[in-house]
Amino acid sequence: MAQRLEERILEYVKQHAAEGDPQSVVDHIDKYCSQNEWAMHVGDEKGLILDQVVKETNPTIVLELGTYCGYSATRIARLLKPGSRLLTVEMNPENAAVAKQMIQFAGVQDKVEILEGSTEVIIPSLKTKYGVDRVDFVFIDHFSERYTADTKLLEECQLIKKGSVLLADNVVFPGAPDFLEYVRTCGRYDCTYYPSHLEYSDKLDALEKAVFKGP
Ligand SMILES: O=c1[nH]cnc2c(O)cc(-c3ccc(F)cc3)c(-c3ccc(F)cc3)c12
Ligand SMILES: [Mg+2]
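Residues numbered from 1 in each chain as written. Chains lettered and ligands numbered in written order. Predicted model: local features only at pLDDT ≥ 70, side-chain atom pairs only at ≥ 80, totals over all residues. Heavy atoms only, no water.

Q: Whenever I open this one, the coordination of the magnesium ion (ligand 2) confuses me. Can you help?
A: Tetrahedral coordination by four donors sets the ideal angle at the metal to 109.5 degrees; octahedral coordination by six donors sets it to 90 or 180 degrees. Within the protein, the magnesium ion (ligand 2) binds to Asp141 (OD), Asp169 (OD) and Asn170 (OD1); these donor distances fall in the range 2.0 to 2.2 Å. Sequence spacing of the donor residues for the magnesium ion (ligand 2), all on one chain, is D-x27-D-N. You can see aspartate 141 sitting in the loop between strand S4 (137–140) and helix H8 (147–156) and its partner aspartate 169 sitting in the loop between strand S5 (165–168) and helix H9 (171–175), a full 28 residues away along the chain. Across the pair, exposure class does not vary: aspartate 141 and aspartate 169 are buried alike. (Donors = N, O, S within 2.8 Å, 3.2 Å for Na, K, Ca; no water. Helix = DSSP H or I, 4+ residues; strand = E, 2+ residues; numbered from the N terminus. Buried < 20%, exposed > 50% of the residue type's maximum accessible area, 1.4 Å probe, protein only.)

Q: Sorry, what's going on with the packing of aromatic side chains here?
A: Each aromatic ring pair is characterised by the separation of its centres together with the angle its planes make. Counted by the stated rule, this structure contains four aromatic pairs. Here tyrosine 147 and phenylalanine 179 contribute two aromatic rings whose centre-to-centre distance is 5.6 Å and whose plane-to-plane angle is 85 degrees, an arrangement assigned as edge-to-face. On the criterion of sequence distance, the pair formed by tyrosine 147 in helix H8 and phenylalanine 179 in helix H10 (residues 177–185) is long-range, its members being 32 residues apart. Residue classification places tyrosine 147 among the buried positions, given a relative accessible area of 1%. Its relative accessible area of 1% is what places phenylalanine 179 among the buried residues. Both rings, one in tyrosine 189 and one in phenylalanine 212, keep their centres 5.2 Å apart while their planes meet at 50 degrees; by these two values the pair is tilted. (Phe/Tyr/Trp six-rings, centres within 6.5 Å; stacked < 30°, edge-to-face > 60°.)

Q: How should the sheet that holds strand S7 (residues 204–212) be read in this particular structure?
A: Paired through their backbone hydrogen bonds, the strands of a sheet run either parallel or antiparallel. With mixed pairing, the seven strands of this open sheet are ordered in space as S3-S2-S1-S4-S5-S7-S6. Edge positions in the sheet fall to strand S3 (112–116) and strand S6 (189–197), since each of these pairs with one other strand and no more. Across the sheet, the axes of successive neighbouring strands diverge by a mean angle of 15 degrees, strand direction being ignored. Alignment of S6 against S7, held across nine bridges, turns out to be antiparallel. Bridged to tyrosine 189 within S7 is phenylalanine 212. This element, helix H5 (residues 93–106), spans strand S2 (85–90) and S3 of the sheet and lies at about 170 degrees to S3. (Pairing = 2+ DSSP bridges. Axes fitted to C-alpha atoms, helices over the stretch in contact; angles between N-to-C directions. Contact = heavy atoms within 4.5 Å.)

Q: I'm lost on the side chain of glutamate 155 in this one. Help?
A: In this structure, glutamate 155 sits in helix H8. For glutamate 155, a relative accessible area of 17% translates into the label buried. The contact partners of glutamate 155, leaving out residues within four places of it in the chain, are Ile160, Tyr182, Arg188, Tyr189 and Phe212.

Q: When you look at the pairing of S4 in this model, what are you seeing that I'm missing?
A: Here is the key point about a regular strand: its side chains alternate between the two faces of the sheet. The two faces of S4 match: Phe137 and Phe139 on one face and Val138 and Ile140 on the other face are all buried. Strand direction decides the pairing type here: strand S1 (residues 61–65) and S4, joined by four bridges, are parallel. Directly across from leucine 63, in S4, lies its bridge partner valine 138. Here S4 pairs with S5 via four bridges, running parallel. Bridging from a neighbouring strand, phenylalanine 139 pairs with leucine 167 of S5. With H8 bridging S4 and the parallel S5, this β-α-β connection has right-handed handedness. (Right-handed = clockwise from strand over helix to strand, strands pointing away.)

See the structure below:
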């Protein structure tokens, strides 16, 4: 029995999912975490909303804050057109190691780059170190306490331009009240609220979409 929950999830995927099939990886993570052990992936219900927003945005450069096991990176990458990239930031090295293997198994490694470190350090280095000019879509799913500061950092670093889409998980549970307040009142975002449920649970949760209108 693997020591860590995240390693048990990876093991289950490797033994049961179809290698090279991102949908199969996503489905098997959902199966394991709804039937065996709860884990904090965005999940299947909120995942369908994520899919819809990714499809309508059709992004070339995606930034994800909070990789965890690579569930949402796999979910997003499976929808990206050829030549597009997903950069995902994870500060926990053990989770990053699991995510690397998960993404490899799913066969989306050519589209996904895992950046190990904290967002406050990595975001300011995206232009210089990772050759990013702008990001078209940001999935915010790391720590709700960092949502507002990192959103302001994306603005200050001029990484988001008119039309860039932010989508934040957990705005109800655990909740991100200052983030909702900021994007809804600063005048620079068009916001949409998507009520849903906490992954693998009947607790209420929601996603917030914030489309940048420009500085
Ligand atoms: O931290 C999270 N990052 C990204 N997504 C999360 C998510 O989708 C769900 C949860 C979550 C966990 C347990 C629970 F009862 C309710 C919600 C968390 C989270 C919150 C506080 C914690 F202390 C540890 C985990 C995160
Ligand atoms: Mg989440």
